[in-house]
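An overview of the molecular structure
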Amino acid sequence: MEAKKQLQNLTPYQPGKPIEEVKREYGLTKITKLASNENPYGSSPSVRDAIIAETAHLGLYPDGYSAELREELSEFLGVKQEKLIFGNGSDEVVQILTRSYLREGTNTVMAEHTFPQYKHNAIIEGAEIREVPLINGEHDLKGMLGAIDENTRIVWLCSPNNPTGHYISQKAFESFMAEVPEHVLVVSDEAYYEYVVAEDYPETIPYLSQYPNLVIMRTFSKAYGLAALRIGYGIADERIIRAIEPAREPFNTSRIAQAAARAAIKDQDFLASCLNRNRKGLKQYYDFCEKNGLSYYPSQGNFILIDFNEDANKLFQHLLERGYIVRSGAALGFPTSLRITVGDEIQNKEIISHLETYLETAAGIKKETV
Ligand SMILES: *Cc1c(COP(=O)(O)O)cnc(C)c1O
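Residues numbered from 1 in each chain as written. Predicted model: local features only at pLDDT ≥ 70, side-chain atom pairs only at ≥ 80, totals over all residues. Heavy atoms only, no water.

Selection criterion: UniProt positions are given in the numbering used here, feature names are shortened, and annotations may be inferred rather than shown by experiment.
Per an unreviewed UniProt entry, the chain goes by the name Histidinol-phosphate aminotransferase and belongs to Fictibacillus solisalsi. UniProt, in its Pathway (unreviewed entry) section for the chain, records the words "Amino-acid biosynthesis; L-histidine biosynthesis; L-histidine from 5-phospho-alpha-D-ribose 1-diphosphate: step 7/9." Under the Sequence similarities (unreviewed entry) heading, UniProt states for the chain: "Belongs to the class-II pyridoxal-phosphate-dependent aminotransferase family. Histidinol-phosphate aminotransferase subfamily."

This is the structure:
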């Protein structure tokens, strides 16, 4: 039996190495994983209470419509309940959208390099992929407009962009939306929305009334620290939500995830303290880069892409053997960079100190060989 042809050249998503495996392989007892932009502070303590309470109902299916979460999130965001769709992570919202709009004969436009799941899912649907290279880590919105034609169905904007951390400004977003033809869905992936501090980062929800072809995606996985539970959401015009709902599995988000997300929204103090500590952590990396003359992209997320002018895989391995899992830029289109998730103050200090040792040793070796 042959699977459909689009699957034949695809590899499953390669997650970071599992912690237990790294421990065994290198004889380490402590591992620090800063590879998947997880929240180093975990989630609000009230989330745990909500989960424990929910364990009384494990025999029951979840509410497929997520009515309670829907009601509370709708109030929190100030959008109508009918404008929301929940996914098993925003990953699933990507899948629902591609399943709903893409097929052979259509195409989809995205940045190169950006979050890989847009491309992955579009390939499975048999659509043509049009990638428009980033310019200095930023979306080339003019180039993306130029790539749109009558067969384009979805354009993906990732802001802040994973892996560069760059964002699309309000002005750039506005002029882009004004130019995109109505038959094209614009998906604004805002997985790092909560972390952004840039003043000209657009609040995109108000644009929904003007642009019925806009879809916003957010998630509880990053700033809210619920990556394990898989829950994210899309926000769009009711007509889009109604159109794509049938492509969603009936019980796609669990009772536990729904209960946890409700508790997470209610603890905005916890969220604020994570965001604040993240900014301080980013500053640690900025200082390190400036001190060592390394180039980096200023980040609006909870990660930073640093260019070491070295084989990223070697540097990745150096950190791995010392118990620190980061993300090599090699797989992300940046072969001399590492993408490091901002950890807590001590984790950042430790990683920076290992990187400094590496840089000093590498500089010593270079001098000797001159
Ligand atoms: C992490 C991430 C997601 C996926 O998040 P989940 O909700 O956990 O599926 C989506 N988009 C971007 C850009 C991400 O970095």
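1. Comments concerning the UniProt feature "modified residue: N6-(pyridoxal phosphate)lysine" (unreviewed entry) in the chain
This is how the line gets drawn: In this description, contact between two residues means that some pair of their heavy atoms is separated by no more than 4.5 Å.
Per the UniProt record, "modified residue: N6-(pyridoxal phosphate)lysine" (unreviewed entry) is found at Lys-222. For Lys-222, the contacting residues outside a window of four places in its chain are Ser-36, Asn-37, Asn-39, Ala-191, Tyr-192 and Tyr-195.

2. Notes on the sheet that holds strand S10 (residues 303–307)
This is how it is decided: Two strands qualify as a pair provided that DSSP identifies no fewer than 2 bridges between them. Runs of E in the DSSP output that reach at least two residues are strands. Runs of H or I that reach at least four are helices, and both are numbered from the N terminus. Every axis corresponds to a line fitted to the C-alpha atoms, with the helix fit spanning only the stretch in contact, and the corresponding angles, defined between N-to-C directions, vary from 0 to 180 degrees.
Here we have 4 strands laid out as an open sheet, ordered S9-S10-S13-S12, and antiparallel in their pairing. Each of the sheet's edge strands pairs with one partner strand only, and the pair in question is strand S9 (295–296) and strand S12 (327–328). Of the strand pairs in this sheet, S10 and strand S13 (residues 337–341) are connected by 5 bridges, and their pairing is antiparallel. By the bridge assignment, Asp-307 is partnered in S13 with Ser-337. The strands touched by helix H10 (residues 268–292) are S9, S10 and S13; relative to S10, the strand with the most contacts, the crossing angle is about 10°. Contacts between helix H11 (residues 312–321) and the sheet are confined to S12 and S13, with S13 contributing the most and set at about 40° to the helix.

3. Structural notes on the sheet that holds strand S2 (residues 84–87)
Read across the sheet, 7 strands follow the order S2-S8-S7-S6-S5-S3-S4 without closing on themselves; strand pairing throughout is mixed. Of all the strands in the sheet, the pair left with one neighbour each is S2 and strand S4 (128–133). For this sheet, the mean inter-axis angle between neighbouring strands, taken without regard to orientation, is 20°. With 4 bridges joining them, S2 and strand S8 (residues 232–236) adopt antiparallel strand pairing.

4. Let's talk about the domain arrangement of the chain
Here is the rule we go by: The split of the chain into domains comes from an automatic or database domain assignment. In this description, buried area is defined as the sum, over both parts, of the accessible area (probe of 1.4 Å) that is lost when the two are combined. Salt-bridge detection follows one rule: a side-chain nitrogen of Lys or Arg within 4 Å of a carboxyl oxygen of Asp or Glu.
Taken domain by domain, the chain holds domain 1 (5–42 + 269–369) and domain 2 (45–267). The gap between the C-alpha centroids of domain 1 and domain 2 is 26 Å. Tallying the contact residues gives 29 residues for domain 1 and 32 residues for domain 2. A buried area of about 2,500 Å², summed over both sides, lies between domain 1 and domain 2, and 63% of it is on carbon and sulfur atoms. Considering only the surface of domain 1 that becomes buried against domain 2, Gln-6, Leu-271 and Gln-300 emerge as the three largest contributors, covering 25% of it. At the boundary of domain 1 and domain 2, one finds 1 salt bridge. The partner of Glu-104 in a salt bridge is Lys-5, with the nearest N and O atoms 3.8 Å apart.

5. Considering the site of the ligand
As a reminder, the rule being used: Nearness of a residue to a molecule or strand requires only that one of the residue's heavy atoms be within 4 Å of it. Polar contact is defined as a pair of N or O atoms within 3.5 Å, subject to the rule that within protein one atom must be able to donate a hydrogen and the other to accept it, and that residues adjacent in sequence are counted only when both atoms are side-chain atoms. In short, Shrake-Rupley with a 1.4 Å probe defines the accessible areas, and a residue's cover is counted only from the protein chains shown. Residues were grouped as follows: Ala, Val, Leu, Ile, Met, Phe, Trp, Tyr, Cys and Pro as nonpolar; Asp, Glu, Lys and Arg as charged; and all remaining residues, including Gly, as polar.
Taken together, 13 residues lie around the ligand, and Ser-90, Tyr-192, Thr-219, Ser-221 and Lys-222 are the ones closest in. Arg-230 places a polar side-chain atom, nitrogen or oxygen, 2.8 Å from an oxygen atom of the ligand. Its free accessible area being 390 Å², the ligand has 93% of it covered by the protein chains. Tallied by class, the residues present in the shell around the ligand amount to 4 nonpolar, 5 polar and 4 charged.

6. Brief notes about the pattern of salt bridges
Two side chains of opposite charge can pair, provided their charged atoms sit close to one another. Rules: Per-residue accessibility, obtained with a 1.4 Å probe over protein chains only, is compared with the maximum for each type, and a residue is labelled buried under 20%, exposed over 50%, and partly exposed between these values.
Using the criterion set out here, one finds 21 salt bridges in the structure. Salt-bridge contacts for Arg-262 lead to Glu-68; the nearest nitrogen and oxygen are separated by 3.3 Å. Separated by 194 residues along the polypeptide, Arg-262 in helix H9 (residues 255–266) and Glu-68 in helix H3 (residues 67–77) bring together distant segments of the chain. Residue Arg-262 is classed as partly exposed on the basis of its relative accessible area of 22%. One continuous salt-bridge network, built from bridges that share partners, spans Glu-68, Glu-72, Arg-262 and Lys-266.

7. Some words on the environment of Asn-39
Residue placement: Asn-39 occurs in the loop between strand S1 (32–33) and helix H2 (45–54). A relative accessible area of 9% places Asn-39 in the buried class. Residues Asn-39 and Ala-223, 184 residues apart in the sequence, show an inter-C-alpha distance of 6.0 Å. Leave out the neighbours within four places in its chain, and Asn-39 touches Tyr-195, Lys-222, Ala-223, Gly-225 and Cys-274. Engagement of the side chain of Asn-39 in a polar contact is seen with the backbone nitrogen of Tyr-41, the distance being 2.8 Å.

8. Side note on unusual backbone geometry
Residue Pro-160 is reached from Ser-159 by a cis peptide bond, and omega for that bond is -5°. Within the secondary structure, Pro-160 is located in the loop between strand S5 (152–158) and helix H7 (170–179). Of note, the amide linkage connecting Asn-162 to Pro-163 takes the cis form, showing an omega dihedral of 20°. Secondary-structure assignment places Pro-163 in the loop between S5 and H7. A positive phi angle is found at Arg-230, which is not glycine, with a value near 60°. Mapping Arg-230 onto the fold places it in the loop between strand S7 (214–219) and S8.

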